[in-house]
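Residues per chain are reported as follows:
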Amino acid sequence: MKCPYCGAEDTKVIDSRPAEDNNAIRRRRQCEDCQKRFTTYEKIESIPIIVIKKGNIREQYDRSKIEAGILRSCHKRPVSYDDIVATVEDVENAIFSMEQKEISSDVIGELVMEKLKELDQVAYVRFASVYREFKDVNTFMEELSKLLK
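Since the structure is predicted, the reported quantities are computational estimates derived from the model, not experimental observations.

Reading guide: rules and limits
- Residues numbered from 1 in each chain as written.
- Predicted model: local features only at pLDDT ≥ 70, side-chain atom pairs only at ≥ 80, totals over all residues.
- Heavy atoms only, no water.
- Phe/Tyr/Trp six-rings, centres within 6.5 Å; stacked < 30°, edge-to-face > 60°.
- Helix = DSSP H or I, 4+ residues; strand = E, 2+ residues; numbered from the N terminus.
- Buried < 20%, exposed > 50% of the residue type's maximum accessible area, 1.4 Å probe, protein only.
- Axes fitted to C-alpha atoms, helices over the stretch in contact; angles between N-to-C directions.
- Parallel < 35°, antiparallel > 145°, perpendicular 65-115°, else oblique.
- Left-handed = near helix turned anticlockwise from the far one by under 90°.
- Contact = heavy atoms within 4.5 Å.
- Nonpolar A, V, L, I, M, F, W, Y, C, P; charged D, E, K, R; others polar.
- Pairing = 2+ DSSP bridges.

Caption draft 1: Up close: the packing of aromatic side chains. Overall, the coordinates contain 1 aromatic pair when judged by the stated rule. Note on Tyr61 and Phe96: the rings are 5.8 Å apart at their centroids and 75° apart in plane angle, and the pair reads as edge-to-face. Of this pair, Tyr61 sits in the loop between β5 (58–60) and α1 (63–73) while Phe96 sits in helix α2 (residues 81–97), and the two are 35 residues apart along the sequence. Tyr61 sits in the buried class, given a relative accessible area of 15%.

Rendered as structure tokens:
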């Protein structure tokens, strides 16, 4: 590992510990030449995932879209930011564990709804109303009756 301060290639690891819920390793390093310390993170390189949207349009997976949808659904709800982040991570872990190069946006939407149903039922209904494109009150009531069962 090259030193970011002096460019020397001789550095040593002083400390290693898990980071990001054991999905990465944090390493504290020291340059043998200038003695300055710096931190590096080692993370498994993930396969780029393509999301297949409506109309067969393909785009690269973007975590921020899932996070934005969940944040909107939980707006003014008693859900902590930590719970929202954990939900996003759960959805993302489920997506990556499928080990597919392409995934339908429908599958992602269903995963988000499954996690929101556990997190907050109002947020679940909010997300479902947009995701499933409720056309009228009857569609909304059908979803509520499923939730109440």
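That was the structure; now back to the text.
Caption draft 2: Looking closely at the packing of helix α3 (residues 105–119) against helix α4 (residues 121–131). Following both chains from N to C, one finds α3 and α4 inclined at 160°, their axes separated by 8 Å at the closest point. As the angle between them shows, α3 and α4 are arranged roughly antiparallel. Of the two possible hands of crossing, α3 and α4 adopt the one that is left-handed. Contact with α3, carried on its side by Ser105, Asp106, Gly109, Glu110, Val112, Met113, Leu116 and Lys117, involves Gln121, Ala123, Tyr124, Phe127, Ala128 and Tyr131 of α4 and no other residues of that element. Among the residues making up the contact of α3 with α4, the classes are represented as 8 nonpolar, 3 polar and 3 charged.

Caption draft 3: Structural view of the pairing of strand β1 (residues 11–19). In this structure, β1 lies alongside strand β2 (residues 24–31), joined through 8 bridges in antiparallel fashion. Looking at the pairing, Pro18 lines up with Ile25 of β2.

Caption draft 4: Highlighting the sheet that holds β1. One open sheet accounts for 3 strands, arranged β1-β2-β3; its pairing is antiparallel. Looking at strand neighbours, the two that pair on one side only are β1 and β3 (37–43), the edges of this open sheet. Between one strand axis and the next, the sheet turns by 25° as a mean value, whatever way the strands run.

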